[in-house]
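# An overview of the molecular structure
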Amino acid sequence: MEKNTKPTTPNAAVQNKTLSKPRIFFGVLFVLLSVVLTLSFVSYLSNWKADQSQAGTMLDKTVQSSNIFGKIGDWLGNFFIFESIGIAAFAVAFLFFVVGMMIFKKNYFKPWKTIGHSLFFICWLPIFMGAITKGQGVLSGVYGFQIMDFLLSVIGMAGLWLVLLVSIGLYFILEFNLSPSNVKAKLNDLNENTVGRVKAMMPNSSENFEADEELDGLSSEGNEIPAQSPAKTIPFAAEIPVKGFPEVEISNDFETIKTPNKTSFDDGEISNVSVTESLGNSLNLNPSPSSSGAAPKSDEIDFKVEVAKTVDILDESDKKSQELVDKHGLYDHKLDLAKFQMPTVDLLRDYGNEEISINRDELEENKNKIVGLLKNFNVGIAEIKATVGPTVTLYEIVPEAGIRVASIKKLQDDIALNLSALGIRIIAPMPGKGTIGIEVPRKNPSMVSMRSVIASQKFQNTDMDLPVVFGKTISNEIFMADLAKMPHLLMAGATGQGKSVGINAILTSLLYKKHPSELKFVMVDPKKVELSLYSKIERHYLAKLPDGDDAIITDTHKVINTLNSLCIEMDQRYDLLKNAFCKNLKEYNKKFTERKLNPENGHRYLPYIVLVVDEFADLIMTAGKEVELPIARLAQLARAVGIHLIVATQRPSVNVITGMIKANFPARAAFRVISSVDSRTILDSPGADQLIGKGDMLYFNGNEILRLQCAFVDTPEVEKIAEFIGEQKGYASAFMLPEYSSEEATSTVGAFDPNEKDALFEDAARIIVSTQQGSTSMLQRQLKLGYNRAGRIMDQLEASGIVGGFNGAKAREVQISDLNSLEQFLEELRK
């Protein structure tokens, strides 16, 4: 038997021939070099500052390298990246790999074409990176920076970018042959292929019907019909303009369509799955029997395609609201005070030129002192820059490689001593920057007036719900925040450091932006003098209890009732939001404005309510938990219904600002405090004790701490604003909060049982009789009680006949004149 052998071609012989040892050696060498270069470049870029400084110390054993290939890696990265072509050096490593593959005769790449592409990017990429980075860093290399700098001086920035974009555009056009004629030809080919697939997959001629008849004949004889080959799905429209294909019939009625088995339409695509979908208007996609001359076959199925028309379905309530809007327009909550005028900027005092004057001698002197001091402590500085603000100057330093941040941070007192300045604050590191900040107060600080920030375009054009402008940052930018998103603000600061001015700045911001129908204030002023200026705007912006005489609340008992009344208001608002299927106040008011909520069902336009407490520590001392619990409840729940809190205190100790309070006040503003402990209490970090006062403040929004200069608004300016608003037409009364019945008001005074009297009943009676003052607050101070218990004891004293009934703001009348008579009376009660 003759052996069947295949002739061996010359190419096959070459391929079967083993590679020579020199070829293997050099191939492996080039591939290894590409790997070494790539890893050296990556390691160099990750720590290029240190590697660059160590590149010239190859023989120095004391210097340690951070590169993965040691000092050789440092030298390779410095030579190819920094001193040459930047990140285009990776193309060099790639070329070594290509050459190694060529030696191995592994033609994964077209050699000369690959080399040409690499050389183009070696030339183009460094210049492009130089234009982006402006020569900063090592991404462009010396070559890229120098060529970019030369082109920039000759043709300018616009010309430089034009050259870069044109060159890369020409590269892609030449590489992918993107001429208009070629693009058009490719699109035509794609269109023809698509139409061909449609014609092949959809029977549309008499020949196809004849073929179907033949297949039917085969099927009737018992022969199996092979399954249709899978066809790619293609989208189709209502009309398919294919030559020789009958026009698609579109009608609003159902059409019976004949189609072969295993062919159906699914979501506008042709597939082999028998699924009937609703696609819109019914489409007759097959020719009728009369036009084709073929009769329907028994194995054909009826196929219906229907398109569901898009119809805007409105329920009865939406229709009714739309009719009301068409008839009456949107609800205008400002209609009651339609002629109300917002305060003008002229009411605020103009303090003249507030531009920051830069004293270069002062900057240079402070810079030299900082650098000299750090040098004395062996802290090298690679870079330093200054940002001049209204009150302080921020010096940002970049330490040399190997310097620990902690070694600079612990020198805060030494820097303050060297600069002879108060309020030195070190930020190590600066958030979002690779620098360390040193804040140094200026010798001649600039004032930030309320007029300058209110008149700014940033404030006038803001779209915040409750815009609050605090002042200016270190970079002299106006700083604003939205109280609706804070959602509550906790303020602290020692006496005379600008805390009350800060409250006035917040209130002034809101008065300049919100209409009386959109905002109400509940003001609590235990000091009785700080917020009394706003009593003139009671019928416009203030809220109070129905039985309250003064809208500025100063009495502790009324504060407790007001806070509990606010909790009732909060619960009522949540019920309204639940019934309206809304998640927050903004959505609810939008629905009400569009007349989708019926006022007969209790719905009404809900204004924002801002609770302002000027001295929280005094309330905690006198009422304790009775104040803390409603405050904490409001802080936890009230933000969604538009109730926001501003709580201020001059004593931020842990027994005043408890953990429950802090957890619900993410936004905090700290003016100068006495100790770092107080700073940590309010901000959870030191720094507020290093401020210089006079409105110098730190603002913490839950992410970072910002140093601001609070805007200054004087008392006469606040008076002018209040008078301007108070002279205009207002509502009939202040905004009424829900009624709250305290335990004292609901207690049954007439039914006194000696067996249920308080343990301190007799001690309280002796204090009352000896002082001849029937005062509940005195019992609180003398016996160190909360208001509720002191009130219950006073009710028992009244029921027993020791004191008279409630007499408004005056003390109760004492019915027993001396202690002897009291002892006889108590002896009778014991029997």
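Residues numbered from 1 in each chain as written. Predicted model: local features only at pLDDT ≥ 70, side-chain atom pairs only at ≥ 80, totals over all residues. Heavy atoms only, no water.

The next point concerns empty space enclosed by the protein. Applying the stated criterion to the full structure yields three cavities of 30 Å³ or more. Space inside the largest cavity adds up to approximately 60 Å³. Every residue lining the largest cavity is listed: S357, I358, N359, E362, L363, V388, T393 and R442. Volume-wise, the second largest cavity comes out at about 40 Å³. Taken together, P390, T391, V392, K472, T473, I474, D696, R707, L708 and Q709 make up the full set of residues lining the second largest cavity. Those elements that place two or more of their residues in the lining of the second largest cavity are β11 (467–473) and β21 (705–710). The leading source of residues in the lining of the second largest cavity is β21, at three residues. In terms of residue class, the lining of the second largest cavity is built from four nonpolar, three polar and three charged. (1 Å grid on protein atoms, 1.4 Å probe; cavity = no way out; pocket = protein on both sides within 12 Å on 5 of 7 lines; lining within 4 Å. Points joined across faces, edges and corners; volume = space filled by probe spheres on them. Helix = DSSP H or I, 4+ residues; strand = E, 2+ residues; numbered from the N terminus. Nonpolar A, V, L, I, M, F, W, Y, C, P; charged D, E, K, R; others polar.)

To continue, consider the sheet that holds strand β9 (residues 425–427). Taken in spatial order, the four strands line up as β7-β8-β10-β9 in an open sheet, and their pairing is antiparallel. Here the strands that pair on one side only, and so sit at the sheet edges, are β7 (381–388) and β9. Direction aside, neighbouring strands of the sheet carry axes that sit 20° apart on average. Sheet topology places β7 next to strand β8 (residues 392–399); seven bridges connect them, and they run antiparallel. Bridge pairing in β8 links A386 to Y395. In the packing of helix α12 (residues 360–376) onto the sheet, contacts are made with β7, β8 and β10 (436–441), and the angle to β8 comes to roughly 40°. (Pairing = 2+ DSSP bridges. Axes fitted to C-alpha atoms, helices over the stretch in contact; angles between N-to-C directions. Contact = heavy atoms within 4.5 Å.)

Turning our eyes to something else, we now look at the sheet that holds strand β16 (residues 552–553). A sheet is described by the order of its strands in space; here ten strands give the open sequence β12-β11-β21-β20-β19-β13-β18-β17-β14-β16, paired in mixed fashion. The open sheet terminates on both sides in strands that have one partner only, identified here as β12 (478–482) and β16. The pairing of β11 with β12 spans five bridges and is classified as antiparallel. In the sheet register, V468 faces β12, and the bridge partner there is A481. Where helix α21 (residues 616–623) meets the sheet, its contacts fall on β14 (519–524), β17 (608–613) and β18 (643–649), and the angle it forms with β18 comes to roughly 90°.

We now examine the pattern of salt bridges. A full pass over the atoms with the stated rule returns 28 salt bridges. R573 is the salt-bridge partner of E569, the closest N and O atoms lying 2.9 Å from each other. Of this pair, E569 and R573 both sit in helix α19 (residues 556–580), four residues apart, which is roughly one turn of the helix. Notably, a salt bridge pairs D684 with K662, separated by 2.7 Å at the nearest N-O pair. Pair noted here: D684 is in the loop between α24 (676–683) and β20 (696–700) and K662 is in helix α23 (residues 659–663), with a separation of 22 residues, a long-range link. Taking relative accessible area as the criterion, K662 reaches 16% and is therefore assigned buried. Connected through salt bridges with shared partners, the residues K757, E762, D763, R766 and E823 form a single ionic network. (Salt bridge = Lys/Arg side-chain N within 4 Å of Asp/Glu carboxyl O. Buried < 20%, exposed > 50% of the residue type's maximum accessible area, 1.4 Å probe, protein only.)

For E739, the position within the fold is in the loop between β22 (735–736) and α26 (743–746). Along the sequence, E739 and N564 sit 175 residues apart, while their C-alpha atoms lie 9.3 Å from each other. Apart from the residues within four sequence positions on either side, E739 is in contact with P546 and I568.

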